Amino acid sequence: MTPLLSLDAVHKRFPLGEKPGLLARAFGANKPQSMLHAVENVSFDLHPGESIGLVGESGCGKSTLVRLVTRLLDTSEGRILFNERHIGDVPAHDFARHAERARIQQVFQDPTDSLNPRFTAFDCIADPLRRLGATPLPEAKPMSAAAVKARVEEAADQVSLPRALLARYPHQLSGGQKLRVGIARGIALKPQLLILDEPTSALDVSVQAVILHLLAELRRELGLSYLFVSHDLNVVRLLCDRVMVMYLGKIVESGPVEAVFAAPKHPYTQALMAAVSKFDPDSGETRIRLTDDPQSPIDPDPHCCRFYSRCYKKQRACEQAMPERDGKSVHQVACFFPNRLDEAS
Ligand SMILES: Nc1ncnc2c1ncn2[C@@H]1O[C@H](COP(=O)(O)OP(=O)(O)O)[C@@H](O)[C@H]1O
Ligand SMILES: [Mg+2]
């Protein structure tokens, strides 16, 4: 099956500080500019109808990776294919008018920040339709006001947002209702891929559960693919087929949700899972605690594992070469000494 979205060795580095000036370079003081490595050598395929969860702690590069896919940011290196088209080559500012733009939609982290406070719920949902919606080819004319209205109401129904709320402004809606507006906006154009960047992190736990249930149903009904970003492993387990664990810009483990949850291989994944599972002190299990601070993402040593400073299994090999995922197996791990938690010495 052809993947819907395919990333091949994608990197994103942010230059930091001032570029060294001409004089500094002329007099040999040309230290290369420092780079923050936010996304490092990321490759994966997302198939039609599939839901992939991307997990990792704050600052590991999840939102940057999302912005590369939605083309709000240009890659530093690597290829991004969507429906077999190279969208990574389209300059970010041109992508807004690109044919594939409407097929990739995003639901943002905090609906309070992402919804325009001067737009009613109706206008928030109608906005992408007015900008990118078109009648089917060959006419491909902008949608009529009546067609926009019909589609907004249909999208509101699909997310169970009462139509009576469409006239309200974001500040007149609850957190859960605002998120429903954000999701209706995301599905209004009938995209193939919906990217959800920590959609429920601003909500109470009880509202979160209702929204997660809605998202699971929508995916089934509309045949959508999800790239679901979360720092919460349990949420990913509930909603996703596959999971990718990210640490300091790298995917350190990936695989089917059941396989990764049953037997996490990377020491970082094991620590993440130990942190969410109920710990029984009489079970004889050793609780993994991450010690030390994460390494800096600025000019990292290309020959040292990113997890080295915090790893409880580290050996000399880990500071001499960067472990990579093998790219072939279903359950992949970027570690020289992967094994099950109960086999760990
Ligand atoms: N525009 C930017 N310029 C410089 N550094 C950035 C920029 N955007 C993000 N970063 C850095 O990239 C890293 C990853 O950030 P982000 O993708 O937001 O992480 P996450 O979403 O996982 O919390 C962080 O160290 C962050 O400070
Ligand atoms: Mg983020």
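Residues numbered from 1 in each chain as written. Chains lettered and ligands numbered in written order. Predicted model: local features only at pLDDT ≥ 70, side-chain atom pairs only at ≥ 80, totals over all residues. Heavy atoms only, no water.

Our next topic: the site of ligand 1. The environment of ligand 1 is formed by Phe14, Leu36, Ala38, Glu57, Ser58, Gly59, Cys60, Gly61, Lys62, Ser63 and Thr64. A distance of 3.1 Å is found between an oxygen atom of ligand 1 and a backbone nitrogen or oxygen belonging to glycine 61. One of the side-chain nitrogen or oxygen atoms of threonine 64 is found 2.6 Å away from an oxygen atom of ligand 1. Considering ligand 1 on its own, with 560 Å² of exposed area, one finds that the protein chains cover 64% of that surface. Considering each element in turn, the shell around ligand 1 owes the most residues, 3 residues, to helix α2 (residues 62-69). Taken together, the residues that form the shell around ligand 1 break down as 4 nonpolar, 5 polar and 2 charged. (Near = heavy atom within 4 Å. Polar contact = N/O pair within 3.5 Å; in protein donor to acceptor, adjacent residues only side chain to side chain. Areas by Shrake-Rupley, 256 points an atom, 1.4 Å probe, with all protein chains shown as cover. Helix = DSSP H or I, 4+ residues; strand = E, 2+ residues; numbered from the N terminus. Nonpolar A, V, L, I, M, F, W, Y, C, P; charged D, E, K, R; others polar.)

Most of strand β7 (residues 193-197) is tucked away, with 5 of its 5 residues classed as buried. Bridging between β7 and strand β8 (residues 225-230) involves 5 bridges; their strand directions are parallel. Bridged to aspartate 197 within β8 is valine 229. Regarding topology, helix α8 (residues 205-222) serves as the crossover connection from β7 to the parallel β8, and that connection is right-handed. (Buried < 20%, exposed > 50% of the residue type's maximum accessible area, 1.4 Å probe, protein only. Pairing = 2+ DSSP bridges. Right-handed = clockwise from strand over helix to strand, strands pointing away.)

For the rest of this paragraph, the subject is the packing of aromatic side chains. Under the counting rule described, the total for this entry stands at 3 aromatic pairs. Here a set of aromatic residues connected by ring pairs shows up, and it is made of Tyr247, Tyr268 and Phe307. (Phe/Tyr/Trp six-rings, centres within 6.5 Å; stacked < 30°, edge-to-face > 60°.)

Okay, the side chain of serine 6 next. Position of serine 6 relative to the elements: it lies in strand β1 (residues 5-15). A distance of 2.7 Å separates a polar atom in the side chain of serine 6 from a polar atom in the side chain of aspartate 45.

Across all of its chains, the model carries 0 disulfides by this definition. For cysteine 304, which is in no disulfide, the shortest distance to another cysteine sulfur is to cysteine 305 and amounts to 6.5 Å. The exposure class of cysteine 304 is buried, given its relative accessible area of 9%. Cysteine cysteine 305 is unpaired, with the sulfur of cysteine 318 as its nearest cysteine sulfur at 6.2 Å. (Disulfide = S-S within 2.5 Å.)

Pairing is antiparallel across the open sheet formed by 4 strands, whose spatial order is β2-β1-β4-β5. The open sheet has two edge strands, β2 (35-46) and β5 (85-86), and neither has a second partner. Pairing of β1 with β2, which is carried by 8 bridges, proceeds in the antiparallel orientation. Opposite proline 15, over in β2, you have methionine 35 as the bridge partner. Contacts from α2 reach β1, β2 and β4 (77-82), with the element oriented near 120 degrees to β1. (Contact = heavy atoms within 4.5 Å. Axes fitted to C-alpha atoms, helices over the stretch in contact; angles between N-to-C directions.)

Time to look at the pattern of salt bridges. Side chains that differ in sign of charge can pair as their charged atoms come close. Applying the stated criterion to the full structure yields 17 salt bridges. A salt bridge links glutamate 198 to lysine 62, with the nearest nitrogen and oxygen atoms 3.8 Å apart. Of this pair, glutamate 198 sits in the loop between β7 and α8 while lysine 62 sits in helix α2, and the two are 136 residues apart along the sequence. Residue classification places lysine 62 among the buried positions, given a relative accessible area of 6%. Among the ionic pairs, arginine 151 bridges to glutamate 154, the shortest N-O distance being 2.8 Å. Of this pair, arginine 151 and glutamate 154 both sit in helix α6 (residues 145-158), 3 residues apart, which is roughly one turn of the helix. A residue is classified by how much of its surface remains accessible, and glutamate 154, at 34% relative accessible area, is partly exposed. Residues joined by salt bridges that share partners form a network here, namely Lys149, Glu153, Asp157 and Arg163. (Salt bridge = Lys/Arg side-chain N within 4 Å of Asp/Glu carboxyl O.)

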